[in-house]
Amino acid sequence: MNVDQLARNLKILLRTNTIIAEIHLRHVAARVGLFAFAALVASFGVVMLGVALFLALEASLGAIWAAVAVGAGGLVLALIVAVVGATLKPSRELGLANQVNQAAMDAVQAEVRATSSSLSQFASFAAVPGLVVPVLTFLLRAFRRPKA
């Protein structure tokens, strides 16, 4: 059993899990940022550009149809940004971190198996002290017999 190697593998396992969590956090933060940007585009774009477009279309389409066209354009733009945010993939670092994590997990499992096999061999000798003490006591008494 190599305790140093087991401790090293556990440290690697902990570090890779931390890296994986950080990568996932960055990925979620990027997606949330893009969704927030989509919401900002939807609201700000509909308000600012919508007013200008409404005024431009009002003369040719009428007030109602100009408002419908402006609203639909803002929603399409927001939908495009939301789709881009939803299809964002995590970086290649995540794959590498998962590989290192799996290698560390395999090494820890191998160390635990080796430790458990050495402990099972040791467990077969666990009864020896219980047998040795009575035998030694018997032998010491036998050799200490007072000389008559």
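Keep in mind that what you see is a predicted model, and the values were worked out from it rather than measured.

1. Looking at the side chain of H27
Next, step 1: You can see H27 is positioned in helix α1 (residues 3-61).
Next, step 2: Overall, the relative accessible area of 15% leaves H27 in the buried class.
Next, step 3: If we skip the residues at most four places from it in the chain, H27 touches L88, K89 and P90.

2. A few points about the environment of Q102
Next, step 1: Among the secondary structure elements, Q102 is positioned in helix α3 (residues 92-124).
Next, step 2: Given a relative accessible area of 45%, Q102 falls into the partly exposed group.
Next, step 3: As a C-alpha pair, Q102 and L13 span 89 residues in sequence and 8.2 Å in three-dimensional space.

3. Looking at the confidence of the model for the protein chain
Next, step 1: Put simply, the protein chain has an average pLDDT of 77, and 75% of its residues get 70 or more.
Next, step 2: By mean pLDDT, the top-scoring element of the protein chain is helix α2 (residues 63-86) (85), and the lowest-scoring one is helix α4 (residues 128-143) (65).

4. A few points about a nonpolar patch on the surface
Next, step 1: A grouping of F37, L40, F44, V47, M48 and L49 is seen on the molecular surface, where their side chains present a nonpolar patch of about 640 Å² in accessible area.
Next, step 2: Among the secondary structure elements, M48 is positioned in helix α1.

Conventions and cut-offs
Residues numbered from 1 in each chain as written. Predicted model: local features only at pLDDT ≥ 70, side-chain atom pairs only at ≥ 80, totals over all residues. Heavy atoms only, no water. Helix = DSSP H or I, 4+ residues; strand = E, 2+ residues; numbered from the N terminus. Buried < 20%, exposed > 50% of the residue type's maximum accessible area, 1.4 Å probe, protein only. Contact = heavy atoms within 4.5 Å. pLDDT = per-residue confidence, 0-100. Patch = residues over 30% accessible without salt bridge, like charges linked within 9 Å, V, L, I, M, F, W, Y side chains within 5 Å. Areas by Shrake-Rupley, 256 points an atom, 1.4 Å probe, with all protein chains shown as cover. Salt bridge = Lys/Arg side-chain N within 4 Å of Asp/Glu carboxyl O.

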